[in-house]
Amino acid sequence: MTPSLKRYRRIVVKIGSALLVDRTTGLKRTWLASLVDDIAGLARGGTDMLVVSSGAIALGRTVLGLKQRVLKLEESQAAAAVGQIALASAWSEELGRHGVVSGQILLTLGDTEERRRYLNARETVATLLRMKAVPVINENDTVATSEIRYGDNDRLAARVATMMSADLLVLLSDIDGLYTASPALDPNAAFIPVVERITPEIEAMGGGAASELSRGGMRTKLDAGKIATMAGTAMIITAGARLNPLAAIDRGERATSFHPSANPVRGYKTWIAGQLEPAGRLTVDAGAVAALLSGKSLLPAGVKLVSGAFARGDTVAILDPDGREVARGLVAYDAPDAVRIAGLKSTEIASVLGYEPRSAMIHRDDLVVSRAAGSANSPTAASN
Ligand code: GLU
């Protein structure tokens, strides 16, 4: 059985275009309102809610009266430009009815694949969540060309879920879950309620695109599942067309649950630990070493000495007072700023930098402890 959604700490909900947009009547307001009831309810209960909403192109098409089946790239981009405004305002109005603020985030591929931009995007989304706003995310379709596109919001949603360490990704779709074959084509297709692991056999069950309004089919959903579950995020695929589709999951309506990997590959942390030559070194005091070893972020106050010409997003080594490496991480400041704020308390930093500081010199999500204090173990990923 699917555990109640209330038990999750942070949920990303992805909504397919076909659910939100009717080709003749446009945006499905009543349905959207019912989904937002569910989202606002979960948010009130303390779950961080993020929305990845498709529908910009589909909506722009209806507004512009573009009837042809296939659009040229520039037509899709023009449609997205028109549709995204309507889409974002619909989300903002519906969430606003519940007193929930929303913030629009438009991402391009580089925002999650290049570490510097990844840090920026993650910080913005995290800040919205801290402010109890619901991020409403889509691909920045108006500027993305084929080489720099996610192309489908299933994988975009999975990237967002792993970037934000969500514990659940819900894909609301026009199909109610995974089948052994496409049920539209094969009457013997059997429903699969639980996927423990996405094996090659499971992958073989994914077909092509599900409908002409949406880009993703089961294949991109399984790709999303691989990204999510390998990073420790559970995933649910269910039919979204009914009213209150999230409440329906709790009621036990049909859905396929993908279990998160029991041993998530912390690819990101492995990557940090694996950097051959750190771009700089931060020597920290004993208190900071203890904080790092207990899984905390590195704050500027604990930094005694900064060396190297690193830039924000570079990997730096963290040394204990005796010069031994205790951790590595992606630094949140360029070297000159790091020098200026080393040793300062958070409250003193804004006046030195002339802007509001990021809370940590290195965020714990970007930190890998190299060894336990006093031992000489090989690098292991710190848990977070
Ligand atoms: N980003 C596209 C849109 O908003 C949707 C992509 C998808 O359907 O996966 O129109």
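As the structure is a computational prediction, the values presented were derived from the model and not from experiment.

Cut-offs applied
Residues numbered from 1 in each chain as written. Predicted model: local features only at pLDDT ≥ 70, side-chain atom pairs only at ≥ 80, totals over all residues. Heavy atoms only, no water. Core = buried A, V, L, I, M, F, W, Y, C linked by side-chain atoms within 4.5 Å. Buried < 20%, exposed > 50% of the residue type's maximum accessible area, 1.4 Å probe, protein only. Helix = DSSP H or I, 4+ residues; strand = E, 2+ residues; numbered from the N terminus. Contact = heavy atoms within 4.5 Å. Near = heavy atom within 4 Å. Polar contact = N/O pair within 3.5 Å; in protein donor to acceptor, adjacent residues only side chain to side chain. Areas by Shrake-Rupley, 256 points an atom, 1.4 Å probe, with all protein chains shown as cover. Nonpolar A, V, L, I, M, F, W, Y, C, P; charged D, E, K, R; others polar. Expected span 1.5 Å × (residues − 1). Bend = angle between axes of the 7 residues up to and from the residue. Phe/Tyr/Trp six-rings, centres within 6.5 Å; stacked < 30°, edge-to-face > 60°. Lys NZ or Arg CZ within 6 Å of the ring centre and 35° of its normal. Salt bridge = Lys/Arg side-chain N within 4 Å of Asp/Glu carboxyl O. Axes fitted to C-alpha atoms, helices over the stretch in contact; angles between N-to-C directions. Parallel < 35°, antiparallel > 145°, perpendicular 65-115°, else oblique. Pairing = 2+ DSSP bridges.

The nonpolar side chains of a soluble globular protein tend to be buried, and buried together. With 40 residues, the main nonpolar core has Leu5, Ile15, Leu20, Trp91 and Leu246 as its most contacted residues. Considering every element that reaches this core, the biggest residue donor is helix 2 (residues 29-44), with 7 residues. In this structure, Leu246 is in contact with Leu5, Val13, Leu35, Asp38, Ile39, Leu42, Met49, Val170 and Leu172, ignoring residues within four places of it in sequence. Within the second largest apolar cluster, 38 residues are counted, among which are Ala161, Leu171, Ile198 and Ala228.

What follows concerns the environment of Ala255. Looking at where Ala255 falls in the secondary structure, it is placed in strand 12 (residues 255-258). Since its relative accessible area comes to 10%, Ala255 is described here as buried. Distance from Ala255 to Ile237, taken between C-alpha atoms, is 5.7 Å for residues 18 residues apart in sequence. Once you skip the residues sitting within four places of it in the chain, Ala255 turns out to touch Asp176, Phe191, Pro193, Ile236, Ile237 and Thr238.

The next point concerns the site of the ligand. Contacts to the ligand come from 11 residues, most closely from Ala56, Ile57, Asn138, Asp141 and Asn153. One of the backbone nitrogen or oxygen atoms of Ala56 is found 3.0 Å away from an oxygen atom of the ligand. Here a nitrogen atom of the ligand sits 2.8 Å away from a polar atom, N or O, in the side chain of Asp141. Burial of the ligand by the protein chains amounts to 98% of its free accessible area of 300 Å². Looking at side-chain class alone, the shell around the ligand contains 2 nonpolar, 6 polar and 3 charged residues.

Our focus in this paragraph is helix 4 (residues 73-97). For helix 4, built from 25 residues, the straight-helix expectation of 36 Å at 1.5 Å per residue is met to within 8% by its first-to-last C-alpha distance of 35 Å. Residue Gly83 marks the point of greatest curvature in helix 4, where the axis turns by about 30 degrees. Taken together, the buried positions of helix 4 are occupied by Ser76, Gln77, Ala79, Ala80, Gly83, Gln84, Leu87, Ala88, Ala90, Trp91, Glu94 and Leu95. A positive backbone phi angle near 75 degrees is found at Gly99, which sits one or two residues after helix 4.

For the coordinates displayed, the defined rule picks out 1 aromatic pair. Measuring from centroid to centroid gives 5.4 Å for Tyr179 and Phe191, while their planes differ by 65 degrees, and the two rings are edge-to-face. Here Tyr179, found in strand 8 (residues 178-179), pairs with Phe191, found in strand 9 (residues 191-192); they are 12 residues apart in sequence, far enough to count as distant. Taken individually, Tyr179 and Phe191 each receive the classification buried, so the pair is uniform in this respect. Arg254 extends its terminal NZ or CZ atom over the ring of Phe191, reaching a point 4.2 Å from the ring centre.

Time to look at unusual backbone geometry. In this model, Ser165 sits at a positive phi of 50 degrees, which is unusual for a non-glycine residue. Positive phi is not limited to glycine here, since Asn244 has a value of about 45 degrees.

Where charged atoms from two side chains of opposite charge approach closely, those side chains can pair. Applying the stated criterion to the full structure yields 17 salt bridges. Arg122 is paired through a salt bridge with Asp366; the nearest N and O atoms lie 2.8 Å apart. Taken as a pair, Arg122 in helix 6 (residues 115-130) and Asp366 in the loop between helix 14 (346-353) and strand 17 (367-369) lie far apart in primary sequence, 244 residues in all. Per residue, the accessibility class of Arg122 equals that of Asp366, and both read buried. Its salt-bridge partner being Glu123, residue Arg130 comes within 3.5 Å of it at the nearest N-O pair. Ionic contacts of the salt-bridge type, sharing partners, join the residues Arg29, Glu93, Glu94 and Arg97 into one network.

The next point concerns the environment of Ile237. Considering the arrangement of structural elements, one finds Ile237 in strand 11 (residues 234-239). Excluding residues within four positions of it along the chain, Ile237 makes contact with Leu171, Ser173, Ile175, Asp176, Gly177, Met218, Lys221, Ala255, Thr256 and Phe258.

To continue, consider the packing of helix 7 (residues 153-163) against helix 9 (residues 218-230). Look at helix 7 against helix 9: their axes get within 8 Å of each other, and the N-to-C directions meet at 10 degrees. Here helix 7 is positioned roughly parallel relative to helix 9, judged by the angle of their axes. From helix 7, Asp154, Arg155, Ala158, Arg159 and Thr162 reach across to helix 9, where they touch Thr220, Lys221, Asp223, Ala224, Ile227 and Ala228. Along the lines of polarity and charge, the residues of the contact of helix 7 with helix 9 split into 4 nonpolar, 2 polar and 5 charged.

Moving on, we get to the pairing of strand 11. The buried fraction of strand 11 is high, at 6 of 6 residues. The alternating pattern of strand 11 places Ala234, Ile236 and Thr238 and Met235, Ile237 and Ala239 on opposite faces, both of which are buried. With 6 bridges joining them, strand 7 (residues 168-173) and strand 11 adopt parallel strand pairing. By the bridge assignment for strand 11, Leu169 is matched with Met235. Here strand 11 pairs with strand 12 via 4 bridges, running antiparallel. Among the inter-strand pairings, Thr238 is bridged to a residue of strand 12, identified as Ala255.

Reading across the sheet, the 8 strands line up as 5-6-4-1-7-11-12-10 and stay open at both edges, with mixed pairing between neighbours. The sheet terminates laterally at strand 5 (102-107) and strand 10 (194-195), the two strands that pair on one side only. Against the sheet, helix 2 makes contact with strand 1 (10-15), strand 4 (48-53) and strand 7, and its axis sits at roughly 155 degrees relative to strand 4, the strand it touches most. Strand contacts of helix 6: strand 1, strand 4, strand 5 and strand 6 (134-139), with the helix running at about 165 degrees to strand 5, the strand carrying the most contacts.

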